[in-house]
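# Coordinate analysis (summary)
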Amino acid sequence: MGKKGTGMLLIGLVALLATACGNEGRPPALIDKEPGDSEPVQAAYTSLYETSVFLGDSITEGLAYHDALNEENVLAGAGKTAQFALENVEELAKRKPEHIFIQLGSDDLLWPTDDPKSYSLAYYAQLIDGIKDRLPDAAVTLLSVTPVTEEATRKEPRYRNIGDYNEGLKELAAREDVGYVDLSPLTAEHADLYDADGIHFQAEFYPILLDYLKDELDRRSGAQ
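A few points on the structure. (Residues numbered from 1 in each chain as written. Predicted model: local features only at pLDDT ≥ 70, side-chain atom pairs only at ≥ 80, totals over all residues. Heavy atoms only, no water.)

## What about the packing of aromatic side chains?
Under the defined criterion, the tally for this structure stands at nine aromatic pairs. Cluster of aromatic residues (ring-pair linked, three or more members): F84, W111, Y119 and Y123. (Phe/Tyr/Trp six-rings, centres within 6.5 Å; stacked < 30°, edge-to-face > 60°.)

## Some remarks on the environment of S144
On the secondary structure map, S144 appears in the loop between β4 (139–143) and α8 (150–155). You can call S144 buried: its relative accessible area is 0%. With 38 residues separating them in the primary sequence, S144 and D182 have C-alpha atoms 5.2 Å apart. Those residues in contact with S144 that lie beyond four places of it in its chain are Q103, N166, L169, Y180, V181, D182, L183 and S184. Polar side-chain contacts of S144 include one of 2.8 Å to the backbone nitrogen of L183. (Helix = DSSP H or I, 4+ residues; strand = E, 2+ residues; numbered from the N terminus. Buried < 20%, exposed > 50% of the residue type's maximum accessible area, 1.4 Å probe, protein only. Contact = heavy atoms within 4.5 Å. Polar contact = N/O pair within 3.5 Å; in protein donor to acceptor, adjacent residues only side chain to side chain.)

## Remarks on the packing of helix α7 (residues 116–134) against helix α9 (residues 162–176)
Their axes nearest at 11 Å, the elements α7 and α9 cross at an angle of 30°. Classified by the interaxial angle, the pair formed by α7 and α9 is roughly parallel. Note on packing geometry: the crossing formed by α7 with α9 is right-handed. Contact residues: K117, S120, L121, Y124, A125, I128, D129 and K132 in α7; D164, Y165, G168, L169, L172 and E176 in α9. When the residues that make up the contact of α7 with α9 are grouped by side-chain class, the tally is seven nonpolar, two polar and five charged. (Axes fitted to C-alpha atoms, helices over the stretch in contact; angles between N-to-C directions. Parallel < 35°, antiparallel > 145°, perpendicular 65-115°, else oblique. Left-handed = near helix turned anticlockwise from the far one by under 90°. Nonpolar A, V, L, I, M, F, W, Y, C, P; charged D, E, K, R; others polar.)

## Some details on α9
Spanning 15 residues, α9 covers 21 Å between terminal C-alpha atoms, matching the ideal 21 Å at 1.5 Å per step. Every buried residue belonging to α9 is among I162, Y165, N166, G168, L169, L172, A173 and E176, and all of these are buried. When α9 is viewed along its axis, its buried side chains cluster within an angular range of 160° and face the same direction. Away from its buried face by more than 90 degrees, α9 exposes A174 and R175. Remark: D177 follows α9 within two positions and exhibits a positive phi of approximately 60°. (Expected span 1.5 Å × (residues − 1). Arc of directions from axis to C-beta.)

## Here we look at the nonpolar core
For soluble globular proteins, nonpolar side chains are generally found buried alongside one another. Counting 57 residues, the largest nonpolar core has I102, Y124 and I131 as the members making the most contacts within it. If near-sequence neighbours (up to four positions away) are discounted, Y124 is found in contact with A82, I102, Q103, L104, L142, Y165, L169 and L172. (Core = buried A, V, L, I, M, F, W, Y, C linked by side-chain atoms within 4.5 Å.)

Shown next, in the form of structure tokens:
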């Protein structure tokens with residue numbers, strides 16, 4: 001296959017992954033939200049995460065869309081995988097964050113390859129190394145892939161591999177000497193805040209997530 005054909009294939013795969021994340025590549029909550037549906041909550045977190053950037057897929061994108069953080073503190077998009085996040089390293093470097101939270105993998109699990117976990121984590125390692133090279137003083141924390149509901153798993157059985165993927169992600173964090181936070185206790189405690197698709201989250205989830213990450217923010221900042 002020529003370069004043009006390979007490029008078209010990759011574009012098609014990204015489109016498929018984006019569709020898996022919701023209508024036209026955006027999760028249902030991001031499609032259905034009307035202006036004025038909820039009061040902005042970002043004022044409480046703007047200062048706390050002023051020097052942080054969250055890099056990730058459509059789940060991470062909800063932080064900005066639901067006004068939990070300013071847009072400059074979020075670098076995310078529907079269908080993003082560890083491979084395609086490599087394209088964001090230069091933009092990330094321009095923002096000069098002191099702390100970078102990365103949450104990827106939900107879409108990687110759907111990548112059409114024999115071993116999506118190994119394929120993804122290889123690119124994840126490249127991503128971390130690229131960030132370290134461009135931002136050597138920044139603290140990096142990996143966030144686990146959030147579990148999905150049982151109904152979502154019935155519709156997409158590959159989500160049953162989330163636990164195994166997260167084990168690999170935790171091992172990667174240890175090898176790369178970066179932080180790791182398991183979000184599964186948080187999602188279990190707030191299972192009522194899943195969106196209708198059982199994958200994404202309602203607006204109320206994001207302030208809770210940021211509260212949950214405060215200790216990690218303090219710990220990593222203190223270690224610098």
